[in-house]
Amino acid sequence: MTNSKCGPIGIFDSGYGGLTILKEIRRRLPDYDYIYLGDNARAPYGTRSFDIVYRFTLESVKYLFSKGCRLVILACNTASAKALRTIQQHDLPEIDPSRRVLGVIRPTVERLGNYTRTGHIGVFGTPGTIQSESYDMEIAKLYPGFRTIGHACPMWVPLIENGEAGSEGADFFVRQEIFRLLAKDPEIDTIILGCTHYPLLYEKIRRFVPEHISLLTQGEIVASSLADYLARHKPLDAKLSKTEPGGSCTYLTTENSMKFSTMASLFLGAAIDAATIEL
Ligand code: DGL
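What exactly am I supposed to notice about the site of the ligand here?
By nearness alone, 13 residues border the ligand, and Ser-14, Tyr-45, Asn-77, Thr-78 and His-197 come closest of all. At 2.7 Å from an oxygen atom of the ligand is found a main-chain nitrogen or oxygen belonging to Asn-77. For the ligand, the accessible surface in isolation is 300 Å², of which the surrounding protein chains cover 99%. When atom positions are compared with the pocket grids, the ligand is found to occupy the largest cavity.

What follows is the structure, encoded as structure tokens:
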């Protein structure tokens, strides 16, 4: 792979969830060029095994590299939990050590100190993210005294991917999981929405979570962490292409492009045009 050209920032998710991260990143870093890739044809990832999530994620990262991305953000907790470390340690040195792949879990955990007083942290995530215990491990590293209470919400992503986030039926599943999490530890005062799809259920979740509990979504957190990262990594930043003013974004999906464009436009609040690709 050639090292000389500038390229866009790749943003990857299993489906629509990463759009919640992309939106905030573009707000924070507007002049950069982006490629968003949603592997909608194979979503959800949250119930898939470690090996499969790793393989699908690596395929997507390689695809984004082939389109010139020098930096790829895994805007997906499941991929960050199950694939990021192996890609960083095993694959990148072989593919191209100058390229970077970053995730969403570490930056989220870094923020916790600003919110919690009890140190009891609830984490909602996909079954894959919760079973991986990635949040438990990251939190234990940065805040050894904290307690992490993970809770998997297997129904939430399918509701969102199927356009049911706003429906009354979704209320049942949202309330049920909140009740189950809080029953595990009444001292929880901060909950991480540890899946990039969940901001699409934010209004509902906020309605059913007691007011004294902080609810953390990841868009703004990941965006400011990325801005900080680029300020500290000037040579990489210099290899990221920009189109001023306002940057550009190409939307790619492994599913039907019309379907993706319609759903994505709803999430982003602006019309977009996606293209279908094969991995
Ligand atoms: N949006 C993803 C996450 O943050 C994955 C959802 C899924 O595909 O299950 O975990």
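From this point, the narrative continues.
Please explain the nonpolar core as it appears in this structure.
What tends to happen in soluble globular proteins is that the nonpolar side chains get buried as a cluster. Leu-19, Tyr-198, Ile-205 and Tyr-251 are the most contacted members of the largest nonpolar core, which totals 54 residues. With six residues, helix H11 (residues 219-232) is the largest single contributor of residues to this core. If we skip the residues at most four places from it in the chain, Ile-205 touches Trp-156, Val-174, Ile-178, Leu-193, Tyr-198 and Leu-215. Formed by 24 residues, the second largest nonpolar core is a distinct cluster that contains Tyr-45, Val-53, Ala-79 and Leu-84.

I would appreciate a short explanation of the sheet that holds strand S3 (residues 71-74) in the present structure.
Paired through backbone hydrogen bonds, the strands of a sheet run either parallel or antiparallel to each other. Reading across the sheet, the six strands line up as S4-S3-S1-S2-S9-S10 and stay open at both edges, with parallel pairing between neighbours. On the outer flanks of this sheet lie strand S4 (100-102) and strand S10 (274-276), each paired with one strand and no other. For this sheet the average axis-to-axis angle between neighbouring strands, irrespective of direction, equals 20°. Sheet topology note: the strand S9 (residues 248-253)/S10 ladder contains three bridges and is parallel. When the bridges of S10 are listed, Leu-252 appears paired with Ala-275. Lying on the sheet, helix H1 (residues 19-28) is in contact with strand S1 (9-13), strand S2 (33-38) and S9; it crosses S9 at an angle near 170°.

What is the right way to read the packing of aromatic side chains from this model?
One pair of aromatic rings is described through two measures. These are the centre distance and the angle between the planes. The full count for this structure, using the stated rule, is nine aromatic pairs. Judged by centre distance (5.3 Å) and plane angle (20°), the ring pair of Tyr-16 and Phe-260 falls under stacked. Residue Tyr-16 is found in the loop between S1 and H1, and its partner Phe-260 is found in helix H13 (residues 257-268); the two are separated by 244 residues along the sequence. The two residues Tyr-16 and Phe-260 agree in class, both being buried. Relative to Phe-56, the ring of Tyr-45 lies with its centre 5.8 Å away and its plane at 50°, an arrangement referred to as tilted. Of this pair, Tyr-45 sits in the loop between S2 and helix H2 (50-66) while Phe-56 is found in helix H2, placing the two residues eleven residues apart along the sequence. Here the two residues Tyr-45 and Phe-56 agree in accessibility, since each one is buried. Of the aromatic side chains, those joined through ring pairs into one cluster are Tyr-16, Tyr-36, Tyr-251 and Phe-260.

Cut-off values and rules
Residues numbered from 1 in each chain as written. Predicted model: local features only at pLDDT ≥ 70, side-chain atom pairs only at ≥ 80, totals over all residues. Heavy atoms only, no water. Near = heavy atom within 4 Å. Polar contact = N/O pair within 3.5 Å; in protein donor to acceptor, adjacent residues only side chain to side chain. Areas by Shrake-Rupley, 256 points an atom, 1.4 Å probe, with all protein chains shown as cover. 1 Å grid on protein atoms, 1.4 Å probe; cavity = no way out; pocket = protein on both sides within 12 Å on 5 of 7 lines; lining within 4 Å. Sits in = over half its atoms within 2 Å of the grid points. Core = buried A, V, L, I, M, F, W, Y, C linked by side-chain atoms within 4.5 Å. Buried < 20%, exposed > 50% of the residue type's maximum accessible area, 1.4 Å probe, protein only. Helix = DSSP H or I, 4+ residues; strand = E, 2+ residues; numbered from the N terminus. Contact = heavy atoms within 4.5 Å. Pairing = 2+ DSSP bridges. Axes fitted to C-alpha atoms, helices over the stretch in contact; angles between N-to-C directions. Phe/Tyr/Trp six-rings, centres within 6.5 Å; stacked < 30°, edge-to-face > 60°.

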